[in-house]
Amino acid sequence: LLQDAHNSSVLNNDVLGAFLPSGHVAGLSHPVTIQFWHDRVLDTSNATCVFWQPGADAGSTGSWSGAGCNTTHREGTVICHCDHLTYFAVLLLPAGTLSPAQLASLTHISTIGCSLSAAATLCTLLLCCFSSTPCPPPSCRQRLRDNTTRIHMHLLAALLLLNCSFLLSMPLATGAEGLCQVTAALLHASLLCALAWMAAEAFHLLLLLVKVYNIYIQHYLLKLCLFAWGLPTLAVVAAFVFKGDIYGYHTISTSEGYRNTTIVPSARCWLTSPPAHYTTLCYAGLILLFNMLVLGRVAMILRRIQRQKGQVRKDWATVLGLTCLLGTTWGLAFFRFGIFLIPQVYLFTILNSLQG
């Protein structure tokens, strides 16, 4: 009773029961008011009034539910307004837990954003492919040698794969386990590849703006492809073959995760292993750190140029646009704490789903 499966705990271990001898009381037009006192600082978004719902089966103990209860807060007091009588308590949810309504809105935002990004990246790739064919031979040869355009196209392809696999991860979470594992592995590989191509963009930018001369590297694009496509794919394939259980159904806990809510499906095909999740975060952190250092170096160069020429607005606009290609907005994933949690999650979802 004092702790549930989502690591939520009851405030002060206090459970209050209210009953009438006449039997079960529910659906009250005027809700009853129950007050719980406390002497600690609470995060009001994570302290929720709940009641104990017995299990339907003989072997089920039951669970906490918030149906029919509203929560208000005053200094040192949590006030519950419920339309029925039973056992009541205040459940302290783990930090960083979203409500079902927030999860639903974030799901809609990410679905719309990823759909738009997938369509935009596909159209851009088709335009780049078709625009290179009808031109005169000299310009064609010059364009084919343009590694900058080729790197952009590889990044677009990685983002297209990432968006499509993400959109598939939710509907396939209700299907066969093997298919969900394959989808999760594809999503993981596409994420690692997209981040790697962002690092390739940063490296190429470094060569263009910092090392202007003597930047010829033999089989340059092939080496970038081995790094950005080959290494992440090899790592995911090895993990899938030797330890396939790290991929599968990933349940997203919400502030009403103890309820049978149907607002939005809370399962995805994704990583199920915490070590694999943290390894992915470290991988992303190292890439984003490198990209930020490159951007800082480029900003210093442009500042020096500005002092000499006085007009570098176009260059600054170019670098600001390249921050999208370098994936700096993915760094918001490392600011999930305190008052930044909800704004960070929404910013992260909006900006990164629309990156394509």
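- An unreviewed UniProt entry lists the protein chain under the name Adhesion G-protein coupled receptor G5, from Eudyptula minor.
- Among the UniProt annotations of the protein chain, the heading Subcellular location (unreviewed entry) holds the following wording: "Membrane".

## Comments concerning the overall build of the protein chain
Next, step 1: Per the secondary structure count, the protein chain includes eight helices and ten strands.
Next, step 2: For the protein chain, buried positions account for 37% of its 356 residues.
Next, step 3: Taking as baseline every contact in the protein chain between residues at least 6 positions apart, the subset at least 24 positions apart corresponds to 74%.

## Concerning the state of the cysteines
Next, step 1: This structure, assessed with the given rule, holds three disulfides.
Next, step 2: Linked covalently through their sulfurs, Cys69 and Cys82 form a disulfide whose S-S length is 2.1 Å. Here the S-S torsion is close to 115 degrees, and the disulfide linking Cys69 with Cys82 is therefore right-handed. With Cys69 in strand S6 (residues 69-74) and Cys82 in strand S7 (residues 77-82), the pair connects residues that are 13 residues apart, well separated along the chain. There is no split in this pair, since Cys69 and Cys82 are both buried.
Next, step 3: With no disulfide partner, Cys129 has as its closest neighbouring cysteine sulfur the one in Cys128, 6.9 Å distant.
Next, step 4: Distance from the sulfur of Cys164, which forms no disulfide, to the nearest cysteine sulfur (Cys114) is 9.3 Å.
Next, step 5: The partly exposed category is assigned to Cys164, whose relative accessible area is 35%.

## A closer look at the environment of Trp197
Next, step 1: Tracing the backbone through its elements, the reader meets Trp197 in helix H4 (residues 177-209).
Next, step 2: The class for Trp197 is buried, based on a relative accessible area of 0%.
Next, step 3: Along the backbone, Trp197 and Leu326 are 129 residues apart, and their C-alpha atoms lie at a distance of 8.4 Å.
Next, step 4: Among residues more than four places away in sequence, those in contact with Trp197 are Ile151, His154, Leu155, Ala158, Leu224, Cys225, Ala228 and Trp229.

## Some words on the side chain of Gln355
Next, step 1: Structurally, Gln355 is set in the segment after helix H8 (341-353).
Next, step 2: By relative accessible area, Gln355 is classed as buried at 9%.
Next, step 3: A polar side-chain atom of Gln355 sits 2.9 Å from a polar atom in the side chain of Trp330.
Next, step 4: Those residues in contact with Gln355 that lie beyond four places of it in its chain are Ser117, Leu159, Met198, Cys324, Leu325, Gly327 and Trp330.

## Describing the pairing of S7
Next, step 1: Within S7, five of the six residues are buried, leaving the element largely enclosed by the surrounding structure.
Next, step 2: Inspection of the sheet shows strand S3 (residues 32-37) paired to S7 by six bridges, in the antiparallel sense. Of the residues in S7, the one forming a bridge with Trp37 is Thr77.
Next, step 3: Pairing of S6 with S7, which is carried by six bridges, proceeds in the antiparallel orientation. When the sheet's bridge partners are listed, Thr71 is paired in S7 with Cys80.

Quick notes on the rules
Throughout this description, residue numbers start from 1 for each chain and increase along the sequence as written. Whole-chain, interface and lining totals are the exception, using all residues; otherwise, since this is a predicted model, local features are given only for residues with pLDDT of at least 70 and side-chain atom pairs are given and counted only at 80 or more. Excluded from the side-chain calculations are hydrogens and water; all other atoms, namely the structure's heavy atoms, are used. UniProt positions are given in the numbering used here, feature names are shortened, and annotations may be inferred rather than shown by experiment. Per the convention used, a helix needs a DSSP run of H or I reaching at least four residues, while a strand needs a run of E reaching at least two, with both numbered from the N terminus. Per-residue accessibility, obtained with a 1.4 Å probe over protein chains only, is compared with the maximum for each type, and a residue is labelled buried under 20%, exposed over 50%, and partly exposed between these values. Should any heavy atoms of two residues lie within 4.5 Å, those residues are considered in contact. Disulfides are defined as cysteine sulfur pairs within 2.5 Å. Here a polar contact is recorded for every N or O atom pair within 3.5 Å, except that within protein the pair must consist of a potential hydrogen donor and a potential acceptor, and residues adjacent in sequence are included only if both atoms are side-chain atoms. The rule for pairing is simple: two strands pair if DSSP sees at least two bridges between them.

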